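Each chain is listed here by its residues.
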Amino acid sequence: MLTETRLREAIVWVCRRLERKGLVAASDGNVSCRLCEECILITPSGRAKSELVPLDLLVTDLDGNVLRGRGKPSTEIRMHLLVYEKRPDVQAVVHAHPPLLTALSLAGKAFPAAALPEVWAILGPVPTAGYATPGTDEVPRSISPFVERHDAILLERHGVLTAAENLKKAYYLVEKMEHAAATFFYARLLSGAPLQSLPPEALQALKKHAAT
Ligand SMILES: [Zn+2]
């Protein structure tokens, strides 16, 4: 387990990279990680991700009460806490608003993970949680059916949520998904036809490969 100082630095690294890669704008998005058995570190509400420094992050308990730090935790803290409650294996959670991933759900389309081998091998199917008012308890309720079986969930009209064993992995899932969404977009522009999934035997072979 990294020290608190290293975890604070890692969250700031994720926040700056999210902003630099255009995966959030201004105060969009939120990032957290487990800090101890009964507490997490999370980004504050209403602050531009590119301007955060390690001391800006808040420590809360697993009910969302602030134990250390100034200001309020992210308005989406309930979504993060639900992931930690349901997934003991998860150490870090990232929520971002990548434009192409969000455009997919605005266009009423699912994330076609089965179209690209390396996306399928890492993520398998990616569900879309139904629309929920941001910052309310509707958001954790909307993701609840999917959290236990999926590391990435599209939020209808509201970006993406990823969960992983460390902060970098959770961040790179977002980056990889947005890159895939760009590829889907170009393929659709070039062909004009709906994307084709890989055939079942090819998907099965990827599953075997990923398990070794
Ligand atoms: Zn959001």
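Now for a look at the structure at hand. (Residues numbered from 1 in each chain as written. Predicted model: local features only at pLDDT ≥ 70, side-chain atom pairs only at ≥ 80, totals over all residues. Heavy atoms only, no water.)

What follows covers the packing of helix 3 (residues 99-106) against helix 6 (residues 167-191). Angle between the axes and distance between the axes: these two values describe a pair of packed helices. Where helix 3 contacts helix 6, the two axes come as close as 8 Å, and the packing angle between them is 60 degrees. Between helix 3 and helix 6, the crossing angle belongs to the class labelled oblique. Of the two possible hands of crossing, helix 3 and helix 6 adopt the one that is left-handed. For the pair formed by helix 3 and helix 6, the contact residues are Pro99, Leu100, Leu101 and Leu104 on the first element and Val174, Met177, Glu178, Ala181, Ala182 and Phe185 on the second. When the residues that make up the contact of helix 3 with helix 6 are grouped by side-chain class, the tally is 9 nonpolar, no polar and 1 charged. (Axes fitted to C-alpha atoms, helices over the stretch in contact; angles between N-to-C directions. Helix = DSSP H or I, 4+ residues; strand = E, 2+ residues; numbered from the N terminus. Parallel < 35°, antiparallel > 145°, perpendicular 65-115°, else oblique. Left-handed = near helix turned anticlockwise from the far one by under 90°. Contact = heavy atoms within 4.5 Å. Nonpolar A, V, L, I, M, F, W, Y, C, P; charged D, E, K, R; others polar.)

Once that is clear, we can look at the coordination of the zinc ion. Each protein donor to the zinc ion is listed here as His95 (NE2), His97 (NE2) and His158 (NE2); together their distances run 2.1 Å. If you list the donors of the zinc ion from N- to C-terminus, the spacing comes out as H-x1-H-x60-H. By relative accessible area, histidine 97 is classed as partly exposed at 25%. (Donors = N, O, S within 2.8 Å, 3.2 Å for Na, K, Ca; no water. Buried < 20%, exposed > 50% of the residue type's maximum accessible area, 1.4 Å probe, protein only.)

Time to look at the nonpolar core. One finds Leu18, Phe111 and Met177 to be the most contacted residues of the largest nonpolar core, which totals 42 residues. If you tally residues by element for this core, the top one is helix 6, at 9 residues. If we ignore the near neighbours within four places in the chain, the residues touching leucine 18 are Leu23, Val24, Val31, Val94, Ala96, Tyr171 and Val174. Core analysis: the next-biggest nonpolar cluster, separate from the first, contains 20 residues, Ile42, Met79, Val139 and Ile153 among them. (Core = buried A, V, L, I, M, F, W, Y, C linked by side-chain atoms within 4.5 Å.)

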